[in-house]
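Chain residues, written in single-letter form:
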Amino acid sequence: MTTATRRFKPAGPGPARPATAYDDDLYGWAMEQAAALRAGAFSAIDRENLAEEIETLGRSQLSSLVSAWRVVLLHMLKFDHQPDRRSRSWALSIRDQRDQAADVLADSPGLKRRLDEAMVRAYRGARLDAARETDLPLRVFPEECPYSRDEMLTRDFPIDPRT
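Looking at an unreviewed UniProt entry, the protein carries the name DUF29 domain-containing protein, with the source organism given as Methylobacterium indicum.

Further remarks concern helix α5 (residues 115–134). Here α5 is 20 residues long and its end C-alpha atoms lie 27 Å apart, about the 28 Å a rise of 1.5 Å per residue gives. Buried within α5 are the following residues: Leu115, Ala118, Met119, Ala122, Tyr123, Gly125, Ala126, Arg127, Asp129, Ala130, Ala131 and Thr134. Turning to α5, the residues buried within the fold contact α3 (47–81), α4 (88–107) and α6 (149–154). Positive backbone phi, approximately 65°, marks aspartate 135, located one or two places after α5.

It is worth spelling out the pattern of salt bridges at this point. Side chains bearing opposite charge may pair, as long as their charged atoms lie close to each other. Applying the stated rule across the entire model yields 9 salt bridges. Between arginine 155 and aspartate 80 there is a salt bridge, with the nearest N and O atoms lying 2.6 Å from each other. Taken as a pair, arginine 155 in the segment after α6 and aspartate 80 in helix α3 lie far apart in primary sequence, 75 residues in all. You can call aspartate 80 partly exposed: its relative accessible area is 30%. Connected via shared salt-bridge partners are Arg70, Asp129 and Arg132.

With that settled, the discussion passes to unusual backbone geometry. One non-glycine residue with positive phi stands out, namely aspartate 135, at about 65°. Its place among the elements puts aspartate 135 in the loop between α5 and α6.

Quick look at the packing of aromatic side chains now. Tallying each qualifying case throughout the model produces 2 aromatic pairs. An angle of 80° between the planes, with centres 4.8 Å apart, marks the rings of tyrosine 22 and tryptophan 29 as edge-to-face. With relative accessibility at 2%, the residue tryptophan 29 sits in the buried group. With a centroid separation of 4.7 Å and 75° between ring planes, the pair formed by phenylalanine 79 and phenylalanine 157 is classed as edge-to-face. Of this pair, phenylalanine 79 sits in helix α3 while phenylalanine 157 sits in the segment after α6, and the two are 78 residues apart along the sequence. Here phenylalanine 79 and phenylalanine 157 have matching classes, each one buried. The ring of phenylalanine 79 has arginine 86 sitting right over it, with the charged end atom 4.0 Å from the ring centre.

Conventions used here
Residues numbered from 1 in each chain as written. Predicted model: local features only at pLDDT ≥ 70, side-chain atom pairs only at ≥ 80, totals over all residues. Heavy atoms only, no water. Helix = DSSP H or I, 4+ residues; strand = E, 2+ residues; numbered from the N terminus. Expected span 1.5 Å × (residues − 1). Buried < 20%, exposed > 50% of the residue type's maximum accessible area, 1.4 Å probe, protein only. Contact = heavy atoms within 4.5 Å. Salt bridge = Lys/Arg side-chain N within 4 Å of Asp/Glu carboxyl O. Phe/Tyr/Trp six-rings, centres within 6.5 Å; stacked < 30°, edge-to-face > 60°. Lys NZ or Arg CZ within 6 Å of the ring centre and 35° of its normal.

Next up, the structure:
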């Protein structure tokens, strides 16, 4: 008996069933599902939950992009609205998050068709974060993102550590 076949409980006559339930142990279930796929044991695949997890994985890539851009936009807003508090750490954070966003896009080029949506989501959060972190009224920050995507990704800052 192979390792992949041992991981499945026989269900009597009919298809094999995963030994671990999705709701009981996500990690164990995922490892079993991967083993079943590799072994070609398609009758043991939990199709609905596996499809949901694959979709969740895709959504998490979009969330990673939005999260990185949110930090970039937050620091840009703070940089523009608090010139007396500009710091090297803001510039470093912008650079780091730009790099992280670029990595997400390199790993998931299919996200390119959702860049506008990602930027809208990122700005919506960055605006709220900026109001909270600066103690400035929310109305100080424009409702629509004041930056183009190109500006968000390439704008230099006078205290940028690359210079």
